[in-house]
Amino acid sequence: MYFFLIIFGIFYLALMVYMFYTVYATVSGAPFVPSMKIRVKKMIELANLQPSDRTIDLGSGDGRITLTAAKYCQQSDGVEINPGLYWISRLRQKIGGVKNIKFTRNSL
């Protein structure tokens, strides 16, 4: 019983910290609105990226544009203020095994 309460307490504390930072990021910046995959592909197509190019996505969210752009250019950077979305981006980068990406958690 005590083990369950400890686990629940840790989970609840982590959830509260995440919610605090999410509210902070939403109030201090724009809310997260993900782009659809078809629109991301069209954006990358219209950008006409070359292998020597470098892209920077300001407000990168979950990193979907940054990860897609990394396939076509030398370096792709993403900047996100929300720590939850930042860590999701980093996780997606690790799972995908993409090396030419740098995510930064900061406010511009």
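Structure report, in brief. Quick caveat: nothing in here was measured; it's all calculated off a predicted structure.

1. Describing unusual backbone geometry
- One non-glycine residue, Asn48, adopts positive backbone phi at about 50 degrees.
- Within the secondary structure, Asn48 sits in the loop between helix H2 (37-47) and strand S1 (54-58).
- Using a relative accessible area of 54% as the deciding quantity, one classes Asn48 as exposed.

2. Focus on the sheet that holds S1
- Taking strand neighbours across the sheet as the criterion, the 3 strands line up as S1-S2-S3 in an open arrangement whose pairing is parallel. Lying at the two open borders of the sheet, with one neighbouring strand each, are S1 and strand S3 (101-105). If you compare each strand with its neighbour and ignore which way they point, the axes differ by 15 degrees on average.
- In terms of strand pairing, S1 meets strand S2 (residues 75-80) through 5 bridges, oriented parallel. Within S2, the residue paired with Ile56 across the bridge is Asp77.
- Lying on the sheet, helix H4 (residues 83-96) is in contact with S2 and S3; it crosses S3 at an angle near 165 degrees.

3. Notes on the packing of aromatic side chains
- All told, the structure shown has 3 aromatic pairs when counted by the stated rule.
- Ring centres of Tyr86 and Trp87 lie 5.0 Å apart, and the angle between their planes is 75 degrees; on these two criteria the pair is classed as edge-to-face.
- Residue classification places Trp87 among the exposed residues on the basis of a relative accessible area of 54%.
- A network of ring pairs unites the aromatic residues Phe4, Phe8 and Tyr12 as a single cluster.

4. Remarks on the nonpolar core
- Among the nonpolar cores identified, the biggest contains 5 residues, and these are Leu67, Ala70, Tyr86, Ile101 and Phe103.
- Setting aside its immediate chain neighbours within four residues, Tyr86 contacts Gly61, Glu80, Phe103, Thr104 and Arg105.

5. Brief notes about the pattern of salt bridges
- A complete count under the given rule lists 4 salt bridges for this structure.
- With a closest N to O distance of 3.5 Å, Lys42 and Glu45 form a salt bridge. Of this pair, Lys42 and Glu45 both sit in helix H2, 3 residues apart, which is roughly one turn of the helix.
- On the basis of relative accessible area, Lys42 is assigned to the partly exposed category, the value being 43%.
- Arg54 is the salt-bridge partner of Asp77, the closest N and O atoms lying 2.3 Å from each other. One end of the pair, Asp77, is in strand S2; the other, Arg54, is in strand S1, and 23 residues separate them in sequence.
- A residue is classified by how much of its surface remains accessible, and Asp77, at 7% relative accessible area, is buried.

6. What to know about the environment of Gly63
- Within the secondary structure layout, Gly63 lies in the loop between S1 and helix H3 (64-69).
- Sequence-distant contacts of Gly63, that is, excluding residues within four places in its chain, are made with Ser89 and Phe103.

Definitions and limits used
- Residues numbered from 1 in each chain as written.
- Predicted model: local features only at pLDDT ≥ 70, side-chain atom pairs only at ≥ 80, totals over all residues.
- Heavy atoms only, no water.
- Helix = DSSP H or I, 4+ residues; strand = E, 2+ residues; numbered from the N terminus.
- Buried < 20%, exposed > 50% of the residue type's maximum accessible area, 1.4 Å probe, protein only.
- Pairing = 2+ DSSP bridges.
- Axes fitted to C-alpha atoms, helices over the stretch in contact; angles between N-to-C directions.
- Contact = heavy atoms within 4.5 Å.
- Phe/Tyr/Trp six-rings, centres within 6.5 Å; stacked < 30°, edge-to-face > 60°.
- Core = buried A, V, L, I, M, F, W, Y, C linked by side-chain atoms within 4.5 Å.
- Salt bridge = Lys/Arg side-chain N within 4 Å of Asp/Glu carboxyl O.

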